[in-house]
Amino acid sequence: MKRYLVLENGSVYEGEGFGSTKPVVGELVFNTGMSGYQESITDLSYHGQILTFTYPLIGNYGINRDDFESFKPAASAIVTHEIARRPSNWRSQMSIAEWAERNDLPGITGGDTRALTKELRDYGVLKATIVSEVNEATLLDLKSAELSKEQVAEVGSKNMYVNPTDGVTIALIDFGLKNSILRSLARRNVNVLVFPATVDAQTILDANPDGVLLSNGPGDPESVEGILDVIRELEEQLPIMGICLGHQLFALANGATTKKMKFGHRGFNHAVKDNISGKTNFTSQNHGYVVDGDSIPGTNLEITQYEINDGSVEGLRLKNHQAFSVQYHPDAAPGPHDAEYLFDEFLEMIAAHKEEQTHA
């Protein structure tokens, strides 16, 4: 079945539809990863976006039960150059086309994704729609479409729940949590209390955690209302670690600003330099906003890491509290495991804080 990807600048890409045939509108972005398509499609940071894969063949190892980052597709639709008709992997349970159909996920394949990616790099991210027919109203409707600014409220947990162990306790504020963060913490025997993004500081303090983790999530950090005061109150009393959107909110809470990137960082090979150790790590990233480095002077924040290719802020820490954040995903699902040590550093920070409290 013929389907069409229409961009708000008027470009049209023709392809074959798979999965759901419903029309869809979203922000069109691209991911440069050569694998990890299952994790990417279910990463809640892609909520509301049409996800283009730059790697030409997607789906060659199928879909399995273990690599989901959330229970359902997070991306609004996916765009590929080619999808594998016969996946081959011992864990594979179905093809990506079968899974997309079961989960009402629209897809389009067969178009020139290289040209599409170059266009997005030139124009920046654009609104787009996938339709079965292009007519005079298609572009007008697309240009007038309003994309949601409530992404965190739409995907985050609505109620508190526990991922239990008998280890130290971390309160995790869920802005669009990846399952791999929970898995990384479980491997370290961390008892995790997951709270919705609407939580207040006193509720978390009443749970008596040893530290606080701010999760990843979708959208503009400035649209997440009410959480900045919570972060400021919590960092006065507990160690804090922020990841991705949590990193941006941590920066906003401490006087910095954020800005939208032209086409974002979405891939698994971003080189990040650590100012303290001098080491360079390859990282997994998925974000369209970034902390403005020019807004750091005059705050209590210190830049600890930066992206080698464009110099953007990748790590921060507070000079006056035990708190730090990173823009990328140290849980590395998918992606390199270079930065997973950060969870260990956070636990060391928690241990040091508890020791200080004992002798206070």
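Starting from 1, residues in each chain are numbered consecutively following that chain's sequence as written. Note on the predicted model: pLDDT of at least 70 is required for a residue's local features to be given, and 80 or more for side-chain atom pairs to be given and counted; whole-chain, interface and lining totals, by contrast, use all residues. As a rule here, side-chain values come from all non-hydrogen atoms in the structure, and water together with hydrogens is ignored.

Details of the nonpolar core
Point 1. Take the buried Ala, Val, Leu, Ile, Met, Phe, Trp, Tyr and Cys residues and link them wherever side-chain atoms come within 4.5 Å; each set so joined is a nonpolar core. Burial classes follow relative accessibility: with a 1.4 Å probe on protein chains only, a residue under 20% of its type's maximum area counts as buried, one over 50% as exposed, and anything between as partly exposed. Counting 34 residues, the largest nonpolar core has I173, F175, V212, L234 and F250 as the members making the most contacts within it.
Point 2. Those elements that place two or more of their residues in this core are β11 (169-174), β12 (191-196), α7 (201-206), β13 (211-214), α8 (227-235), α9 (245-253) and β18 (313-318).
Point 3. Secondary structure is summarised from DSSP: a helix means a run of H or I of at least four residues, a strand means a run of E of at least two, and numbering begins at the N terminus for each. With six residues, the single largest contributor to this core is α9.
Point 4. Setting aside its immediate chain neighbours within four residues, F175 contacts V152, V155, A197, L214, S215, N216, G217, P218, V224, I227, L245 and L249. Residues are treated as being in contact if the distance between any of their heavy atoms lies within 4.5 Å.

Quick word on the UniProt feature "domain: Carbamoyl-phosphate synthase small subunit N-terminal" (unreviewed entry) in the protein chain
Point 1. Mapped onto this structure's residue numbering, the UniProt feature "domain: Carbamoyl-phosphate synthase small subunit N-terminal" (unreviewed entry) falls at residues 1-131.
Point 2. Structurally, residues 1-131 is divided into 18% helix and 34% strand, and its ends, taken at the C-alpha atoms, are 11 Å apart. UniProt positions are given in the numbering used here, feature names are shortened, and annotations may be inferred rather than shown by experiment.

Focus: the environment of E233
Point 1. Examined against the element boundaries, E233 turns out to sit in helix α8.
Point 2. The sequence separation of E233 and E154 amounts to 79 residues, and the corresponding C-alpha distance is 25 Å.
Point 3. The contacts of E233, once residues within four sequence positions are left out, are A201 and L205.

Focus: a negative patch on the surface
Point 1. A surface patch of like charges, here negative, comprises D200, D206, E233 and E236.
Point 2. Along the chain, E236 falls in the loop between α8 and β14 (240-243). Patch membership needs two things, relative accessible area over 30% and no salt bridge, and members are linked within 9 Å if like-charged or within 5 Å if nonpolar (Val, Leu, Ile, Met, Phe, Trp, Tyr). Only the protein chains shown count as cover for residues, and all accessible areas are computed by the Shrake-Rupley method using a 1.4 Å probe. When a carboxyl oxygen of Asp or Glu is within 4 Å of a side-chain nitrogen of Lys or Arg, the pair counts as a salt bridge. His is not counted, nor are the chain ends, whereas Lys and Arg count as positive and Asp and Glu as negative. To locate a charge, take atom NZ for lysine, CZ for arginine, CG for aspartate or CD for glutamate.

Quick notes on the side chain of H265
Point 1. Tracing the backbone through its elements, the reader meets H265 in strand β15 (residues 258-274).
Point 2. With residues near it in sequence (within four places) discarded, H265 still touches H270, Q285, N286, H287, E307, D310, S312 and E314.

Overview of the domain arrangement of the protein chain
Point 1. What the domain assignment lists for the protein chain is domain 1 (2-147) and domain 2 (151-359).
Point 2. For domain 1 versus domain 2, the distance between C-alpha centres works out to 28 Å.
Point 3. Taken together, the contact pairs 26 residues of domain 1 with 22 residues of domain 2.
Point 4. A 1.4 Å probe defines the accessible area here, and the buried area is the portion of it lost by two parts on being joined, summed over both. For the pairing of domain 1 and domain 2, the buried interface totals around 2000 Å² over both sides, and the portion due to carbon and sulfur atoms is 48%.
Point 5. When residues of domain 1 are sorted by the area they lose upon contact with domain 2, L44, H47 and E69 head the list and together hold 31% of the total. In this document the domain limits rely on a domain assignment from an automatic tool or a database.

Structural notes on the sheet that holds strand β1 (residues 2-7)
Point 1. Spatially, β1-β2-β8-β6-β4-β3-β9 is the arrangement adopted by the seven strands of the closed barrel, whose pairing is mixed. When the angles between neighbouring strand axes are averaged without regard to direction, this sheet yields 35°.
Point 2. A pair of strands counts as paired when DSSP detects no fewer than two bridges linking them. Sheet topology note: the strand β3 (residues 24-31)/strand β4 (residues 49-53) ladder contains five bridges and is parallel. Across the sheet, residue V29 finds its bridge partner in β4, namely L51.
Point 3. Helix axes are fitted only over the stretch in contact, all axes being lines through C-alpha atoms; the angle between N-to-C directions runs from 0 to 180 degrees. Packing of helix α3 (residues 113-123) onto the sheet brings it into contact with β1, β2 (12-19), β3, β4, β6 (77-80) and β9 (126-131), and relative to β3 it is tilted by some 95°.

Brief notes about unusual backbone geometry
Point 1. Cis geometry is found at the peptide bond from A333 to P334, where omega equals 0°.
Point 2. Within the secondary structure, P334 is located in the loop between β19 (323-326) and α10 (341-358).
Point 3. Positive phi is not limited to glycine here, since A332 has a value of about 55°.
Point 4. Relative to the assigned elements, A332 resides in the loop between β19 and α10.

Side note on the pairing of β19
Point 1. Here β19 shows a buried face lined by A323 and S325 and a second buried face lined by F324 and V326.
Point 2. Sheet analysis places β14 next to β19, joined by four bridges and oriented parallel. Considered in β19, the bridge of I243 is made with V326.
Point 3. Bridging between β18 and β19 involves three bridges; their strand directions are antiparallel. Bridge assignment links L316 to a residue of β19, and that residue is S325.
Point 4. Turn length for the β18-β19 hairpin, with the two strands adjacent in sequence and antiparallel, is four residues.

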